[in-house]
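Take a look at the letters that make up each chain.
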Amino acid sequence: MTDRIFINDLRFFGFHGVLPEEAVLGQRFRVDVTAELDLAEAGRTDDLTKTVHYGEMAVLIEEIGRTHRYKLIEALAEAIAKAVFETYPPVERLTVRVTKPEAPVPLATGVISIEIERERPRD
């Protein structure tokens, strides 16, 4: 499958992290999502019901990042993947990148990110 919906550089303020102060002070996060699904019929028919509403998907992702708390950004990425698969049945594969631009590491510069790739669970 080569059809994809990209949501890039979605930003929100969250409270994820291992350190106790991260749970209190919070910080900014960025998320990139690539959803793979068949977009051919949507393209042929110009019908929103034949695709995934990327605006609603972005709101879902932002809500998870803003209202839940995870120690690991890996867990945040998994939660996002799970919610997208549960909410949007046409999505077959998903790539989620979570970036923590101000991770508490002793570096003068740099950005920390993780990326996961998942396929829709089969029953």
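Our structure is the block above this text.
Residues numbered from 1 in each chain as written. Predicted model: local features only at pLDDT ≥ 70, side-chain atom pairs only at ≥ 80, totals over all residues. Heavy atoms only, no water.

1. Some remarks on the overall build of the protein
Short version of the rule: The way it works is that DSSP assigns letters per residue, a run of H or I at least four long becomes a helix, a run of E at least two long becomes a strand, and they are numbered from the N terminus. Burial classification: accessible surface area is computed with a 1.4 Å probe over protein chains only, and a residue below 20% of its type maximum counts as buried, one above 50% as exposed, and the rest as partly exposed. Contacts were defined at the residue level, with two residues in contact if any of their heavy atoms lie within 4.5 Å. All accessible areas in this document rest on Shrake-Rupley with a 1.4 Å probe, and a residue is counted as covered only by the protein chains that are shown. Charge convention: Lys and Arg are scored as positive, Asp and Glu as negative, and His as well as the terminal groups of each chain are ignored. A charge is said to be at NZ when it belongs to Lys, at CZ for Arg, at CG for Asp and at CD for Glu.
Tallying secondary structure elements over the protein gives four helices and four strands in all. Seen along its three principal axes, the alpha-carbon backbone of the protein occupies a region of about 50 × 30 × 25 Å. A total of 123 residues make up the protein; the buried ones form 40% of that total. Restricting to contacts in the protein with at least 6 residues of sequence separation, those with at least 24 account for 63%. As presented, the protein carries roughly 7500 Å² of accessible surface, and 54% of it is formed by carbon and sulfur atoms. Positive and negative charge centroids in the protein, built from 16 and 22 side chains respectively, lie 4 Å apart.

2. Focus on the side chain of Thr95
Mapped onto the fold, Thr95 is located in strand β3 (residues 93-100). Contact partners of Thr95, with chain neighbours within four places excluded, come to Asp32, Val33, Thr34, Glu115, Ile116 and Glu117.

3. Here's the deal with the sheet that holds strand β2 (residues 27-36)
Let me state the cut-off plainly: Note: two strands are recorded as paired if DSSP finds a minimum of 2 bridges between them. Axes here mean lines fitted to C-alpha atoms, for a helix over just the part in contact, with angles spanning 0 to 180 degrees between N-to-C directions.
Taken together, four strands build an open sheet; the order of strands is β1-β2-β3-β4 and the sheet is antiparallel. Every interior strand has two partners, whereas the edge strands, β1 (4-14) and β4 (112-119), have only one. Strand after strand, the sheet turns through a mean of 15° between neighbouring axes, direction not considered. Here β2 runs beside β3; their pairing, made up of seven bridges, is antiparallel. Paired with Ala35 across the two strands is Leu94, which belongs to β3. Helix-sheet contacts for helix α3 (residues 54-67) involve β1 and β2, and the interaxial angle to β1 is about 30°. Where helix α4 (residues 73-87) meets the sheet, its contacts fall on β1, β2, β3 and β4, and the angle it forms with β3 comes to roughly 145°.

4. What about the environment of Arg30?
Note the following rule: Each polar contact in these results corresponds to two N or O atoms within 3.5 Å; when the atoms are within protein, one needs to be able to donate a hydrogen and the other to accept it, and residues that are neighboring in sequence are counted only if both atoms are side-chain atoms.
Counting through the fold element by element, Arg30 comes out in strand β2. Taking the C-alpha atoms as reference, Arg30 lies 8.1 Å from Arg97; in sequence the two are 67 residues apart. A polar side-chain atom of Arg30 sits 3.2 Å from a polar atom in the side chain of Asp9.

5. A word on unusual backbone geometry
One non-glycine residue, Asp9, lies in the positive phi region at around 60°. Mapped onto the elements, Asp9 comes out in strand β1. According to the relative accessible area criterion, Asp9 is partly exposed, its value standing at 35%. Even without being glycine, Asp46 reaches a positive phi, approximately 60°. Take Asp46: it is sitting in the loop between α2 (40-45) and α3.

6. Side note on the packing of aromatic side chains
Worth spelling out the cut-off: Aromatic pairing here means that ring centres of Phe, Tyr or Trp (its six-membered ring) are within 6.5 Å. Orientation follows from the plane angle: under 30 degrees is stacked, over 60 is edge-to-face, and everything else is tilted.
Evaluated as defined, the whole model comprises two aromatic pairs. Geometrically, the ring pair formed by Phe12 and Phe29 is stacked, given 6.0 Å between the ring centres and 20° between the ring planes. Linking Phe12 in strand β1 with Phe29 in strand β2, this pair joins segments that are 17 residues apart in sequence. Taking the relative accessible area as the measure of exposure, Phe12 reaches 5% and is therefore buried. Under the relative-accessibility criterion, Phe29 is labelled buried at 1%. When the centroid spacing of 5.6 Å and the interplanar angle of 85° are considered together, the rings of Phe13 and Phe15 count as edge-to-face. Given a relative accessible area of 29%, Phe15 falls into the partly exposed group.

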